[in-house]
Amino acid sequence: YPKDLGFIAARTGLKNGSKVLEIGTGSASLTTFMASIVKPNGHIYSFGVNADFIAVAKRNLEKAQMTDYVTICEHDPHQGIDIRDVDVAIVDLGDPWTVVDQVYDSLKGSGAFVAICPTMNQLENTATKLKFSRYVDIDCVEMMIRNIEARQGMTRPSTRMIGHTTYLIFARKIMQPSNNEDYQEETPVIRELD
């Protein structure tokens, strides 16, 4: 939804020239939105595993005239990601916590991480993994828009609104301290979704 897309762009600092890693291409609606912001000097590297979805995504990018700003890779990011020094990484998977470490290797120092989590279980597992994977500024939000019906003498909130669409989790990459003895990583407890 636009309310989520706009906040992602603002919170991550997405701009012309940004280098973006996207995990979970889907139909390329988010990809198209980001490409329209990073062009003409930036680029989106989008990873997907479903050939049928990738074909749809490529058609949608062609229709939007964004193919010059996007590279779609049919590759499982769990097997590693060969893109480095990205400014922003966006994860839109059912289990975003499973690629947190791979994304860390791709982000440049202070790079922005965001995951799209429809459920609180996903949000909790991702926040837990981020905490133990050298990320800081971990922030979980849900965006709400409430329209107001403004009429003379009868102004009130609208009786209908777009409620929950997703939870968003943001974080920033930090570098491991130079003295490795001072850094102790604990193993997070991650509960699998039913």
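Look a little higher up for the structure.
Let me begin by describing the structure that accompanies this report.

Cut-off values and rules
Residues numbered from 1 in each chain as written. Predicted model: local features only at pLDDT ≥ 70, side-chain atom pairs only at ≥ 80, totals over all residues. Heavy atoms only, no water. Helix = DSSP H or I, 4+ residues; strand = E, 2+ residues; numbered from the N terminus. Rg over C-alpha atoms; globule rule 2.2 N^0.38 Å. Buried < 20%, exposed > 50% of the residue type's maximum accessible area, 1.4 Å probe, protein only. Areas by Shrake-Rupley, 256 points an atom, 1.4 Å probe, with all protein chains shown as cover. Phe/Tyr/Trp six-rings, centres within 6.5 Å; stacked < 30°, edge-to-face > 60°. Lys NZ or Arg CZ within 6 Å of the ring centre and 35° of its normal. Axes fitted to C-alpha atoms, helices over the stretch in contact; angles between N-to-C directions. Parallel < 35°, antiparallel > 145°, perpendicular 65-115°, else oblique. Left-handed = near helix turned anticlockwise from the far one by under 90°. Contact = heavy atoms within 4.5 Å. Nonpolar A, V, L, I, M, F, W, Y, C, P; charged D, E, K, R; others polar. Salt bridge = Lys/Arg side-chain N within 4 Å of Asp/Glu carboxyl O. Pairing = 2+ DSSP bridges. Right-handed = clockwise from strand over helix to strand, strands pointing away.

**Overview of the overall build of the protein chain**
Reasoning step 1: When helices and strands are tallied, the protein chain shows 5 helices and 9 strands.
Reasoning step 2: In terms of overall dimensions, the protein chain is globule-like: its C-alpha atoms have a radius of gyration of 18 Å, near the 16 Å expected for 194 residues.
Reasoning step 3: Taken along its principal axes, the extent of the C-alpha atoms in the protein chain is 65 × 40 × 35 Å.
Reasoning step 4: Looking at the 194 residues of the protein chain, the share that counts as buried comes to 41%.
Reasoning step 5: For the protein chain, the accessible surface area stands at approximately 10700 Å², while carbon and sulfur atoms represent 49% of it.

**Re the packing of aromatic side chains**
Reasoning step 1: All told, the structure shown has 3 aromatic pairs when counted by the stated rule.
Reasoning step 2: Judged by centre distance (5.5 Å) and plane angle (75 degrees), the ring pair of Tyr104 and Tyr135 falls under edge-to-face. Placement of the pair is Tyr104 in helix 4 (residues 100-106) and Tyr135 in strand 6 (residues 135-141), with a sequence separation of 31 residues. This pair shows no difference in class: Tyr104 is buried, exactly as Tyr135 is.
Reasoning step 3: Feature note: the residues Tyr104, Phe113 and Tyr135 constitute an aromatic cluster, connected by ring pairs.
Reasoning step 4: Cation over ring: Lys173 sits above Tyr104, and NZ or CZ is 4.5 Å from the ring centre.

**Observations concerning the packing of helix 1 (residues 2-12) against helix 2 (residues 29-38)**
Reasoning step 1: Helix 2 packs onto helix 1 with a crossing angle of 45 degrees between their chain directions and a minimal axis gap of 11 Å. Between helix 1 and helix 2, the crossing angle belongs to the class labelled oblique. Considering the relative orientation of helix 1 and helix 2, their crossing is right-handed. Here Leu5, Gly6 and Ala9 of helix 1 lie close against helix 2, whose contacting residues are Leu30, Phe33 and Ile37.
Reasoning step 2: Taken together, the residues of the contact of helix 1 with helix 2 sort by class into 5 nonpolar, 1 polar and no charged.

**A short note on the pattern of salt bridges**
Reasoning step 1: Inspection of every chain in the model, using the stated rule, returns 7 salt bridges.
Reasoning step 2: The residue Asp137 makes a salt bridge to Arg11 at a minimum N-O spacing of 3.6 Å. A residue pair is termed long-range when its members are at least 10 positions apart, and Asp137 in strand 6 and Arg11 in helix 1 qualify at 126 residues.
Reasoning step 3: A relative accessible area of 44% places Asp137 in the partly exposed class.
Reasoning step 4: A salt bridge links Arg156 to Glu149; the shortest N-O distance between them is 3.4 Å.
Reasoning step 5: Overall, Arg156 belongs to the partly exposed group, its relative accessible area being 35%.
Reasoning step 6: Here Glu149 falls in the partly exposed class, since its relative accessible area comes to 24%.

**Let's talk about the pairing of strand 3 (residues 70-74)**
Reasoning step 1: Note: strand 2 (residues 43-48) against strand 3, 5 bridges, orientation parallel. By the bridge assignment, Ser46 is partnered in strand 3 with Ile72.
Reasoning step 2: Handedness of the crossover joining strand 2 and strand 3 through helix 3 (residues 51-63): right-handed.

**Considerations on the sheet that holds strand 5 (residues 107-117)**
The strands making up a sheet associate through hydrogen bonds between their backbones, and the pairing can be parallel or antiparallel.
Reasoning step 1: The sheet built from 7 strands is open, its strands ordered 3-2-1-4-5-9-6 with mixed pairing. With partners counted over all chains shown, the strands left at the sheet margins are strand 3 and strand 6, one partner each. Strand after strand, the sheet turns through a mean of 15 degrees between neighbouring axes, direction not considered.
Reasoning step 2: One ladder, built from 5 bridges, connects strand 1 (residues 19-23) with strand 2; its direction is parallel. If you follow Val20 over to strand 2, its bridge partner there is Ile44.
Reasoning step 3: Sheet strands in contact with helix 2 are strand 1, strand 2, strand 3, strand 4 (86-91) and strand 5, and its direction is about 165 degrees off that of strand 2.
Reasoning step 4: Contacting strand 2 and strand 3, helix 3 runs over the sheet at an angle of about 170 degrees to strand 3.

Any functional reading would require information that these geometric values do not contain.
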